[in-house]
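# Structure assessment
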Amino acid sequence: MLHRKYLVLIAVLFSCNQPVQNNIPAQVDSLKPPVTKRAINAGLVCTETDIKNSDHPEDPDIVTSCTWGRFKFVKRGLADNKGRYSYEYNVYQVLENNKELEVTNSDIFNELLPELEKEINNQITQQVKEAKDEDDERIKYCLSNIEPRKYTMDEMQIFFDQIGNVVFMVDLGLGSACFAVNEFEAKVPIEKIEKFIKR
């Protein structure tokens, strides 16, 4: 019969061989911001990352990055103390050495840009008109002084929806009291945008 001290030693050695270390990567991974990656079509890949904000942990900052051809579109969602999100947008050209050069929206497009701007503005004008015709008095009040006008590409923000439409958003500058109707979007299928892209 083995002496008691040897039985204890065997038990200790056995416990050391158990895969306790497998818990460590899980703990490390839990510290990383969650990332969702989706390939919307052959030419567009987007990733979405939630970044914890110490000022309001229940509403993380949301960073969406979409790469399409030679260009990268970054949308940063920042929550206020009421859980409402405002967004910052940046566009980058991806260079041959994988460095990124920030560019303007109009830098992306070729000489056919006025045609695209016209289509976008037609959509925005129609949406504002329909909103004004609604029965909601608050919406009518907020949009009462908004008149149709042409928005240039560099006044718009560009991002992508879940099915791959290119979304062009305009900010009417109405202020916090009219936050809900401050932005209007025009959507164009990505395949219709191809002819407008600078090569």
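Below is a summary of the structure that appears in this document. (Residues numbered from 1 in each chain as written. Predicted model: local features only at pLDDT ≥ 70, side-chain atom pairs only at ≥ 80, totals over all residues. Heavy atoms only, no water.)

## A look at the overall build of the protein chain
Counting its regular elements, the protein chain contains 5 helices and 9 strands. Listing every helix and strand of the protein chain by position from the N terminus yields α-α-β-β-β-β-β-β-α-α-β-β-β-α. Looking at the protein chain residue by residue over its 199 residues, the buried ones come to 34%. Counting only contacts in the protein chain whose residues sit at least 6 apart along the sequence, the fraction spanning at least 24 positions is 42%. (Helix = DSSP H or I, 4+ residues; strand = E, 2+ residues; numbered from the N terminus. Buried < 20%, exposed > 50% of the residue type's maximum accessible area, 1.4 Å probe, protein only. Contact = heavy atoms within 4.5 Å.)

## Overview of the nonpolar core
Membership of the largest hydrophobic core comes to 38 residues, with the highest contact counts inside it found for F109, L116, M153, F168 and I193. At 6 residues, the largest contribution of residues to this core is made by helix α3 (residues 113–132). Not counting residues within four places of it along the chain, the set of residues in contact with F109 comprises L116, M153, I158, F168, I193, F196, I197 and K198. (Core = buried A, V, L, I, M, F, W, Y, C linked by side-chain atoms within 4.5 Å.)

## Quick word on α3
For α3, built from 20 residues, the straight-helix expectation of 28 Å at 1.5 Å per residue is met to within 8% by its first-to-last C-alpha distance of 29 Å. Residues L113, L116, E117, I120, N121, I124, V128 and A131 constitute the buried set of α3. Taken end-on, α3 shows its buried residues confined to a sector of 125 degrees, consistent with a single buried face. The elements touched by buried residues of α3 are α4 (137–143), β8 (165–171), β9 (183–189) and α5 (190–193). (Expected span 1.5 Å × (residues − 1). Arc of directions from axis to C-beta.)

## As for the pattern of salt bridges
A full pass over the atoms with the stated rule returns 9 salt bridges. For E115, the salt bridge is made with K195, and the minimal N-O distance between the two is 3.1 Å. Note that E115 is positioned in helix α3 and K195 in the segment after α5, a separation of 80 residues in sequence. As a salt-bridge pair, R149 and E155 come within 2.9 Å of each other at their nearest N and O atoms. What makes R149 partly exposed here is its relative accessible area of 41%. (Salt bridge = Lys/Arg side-chain N within 4 Å of Asp/Glu carboxyl O.)

## Remarks on a negative patch on the surface
Residues E130, E134, D135, D136 and E137 make up a contiguous surface patch of negative charge. Within the secondary structure, E134 is located in the loop between α3 and α4. Since its relative accessible area comes to 41%, E134 is described here as partly exposed. (Patch = residues over 30% accessible without salt bridge, like charges linked within 9 Å, V, L, I, M, F, W, Y side chains within 5 Å. Areas by Shrake-Rupley, 256 points an atom, 1.4 Å probe, with all protein chains shown as cover. Lys, Arg positive; Asp, Glu negative; His and termini not counted. Charge placed at Lys NZ, Arg CZ, Asp CG, Glu CD.)

## Observations concerning the layout of surface pockets
Its volume calculated, the largest pocket comes out at about 200 Å³. Mapped onto the lining of the largest pocket, the elements with two or more residues apiece are β3 (61–68), β4 (71–79) and β7 (157–160). Per-class residue counts for the lining of the largest pocket are 8 nonpolar, 2 polar and 3 charged. (1 Å grid on protein atoms, 1.4 Å probe; cavity = no way out; pocket = protein on both sides within 12 Å on 5 of 7 lines; lining within 4 Å. Points joined across faces, edges and corners; volume = space filled by probe spheres on them. Nonpolar A, V, L, I, M, F, W, Y, C, P; charged D, E, K, R; others polar.)

## Thoughts on the state of the cysteines
With the rule as written, the count across this model stands at 2 disulfides. With a sulfur-sulfur separation of 2.0 Å, C46 is cross-linked through a disulfide to C66. Looking along the S-S bond of the C46-C66 disulfide, the torsion reads about 110 degrees, which is the right-handed sense. Remark: C66 occurs in strand β3 and C46 occurs in strand β2 (residues 44–51); sequence separation between them is 20 residues. For the residue pair C46 and C66, the accessibility class agrees, reading buried in each case. The disulfide partner of C142 is C178, and the gap between their sulfur atoms is 2.0 Å. (Disulfide = S-S within 2.5 Å.)

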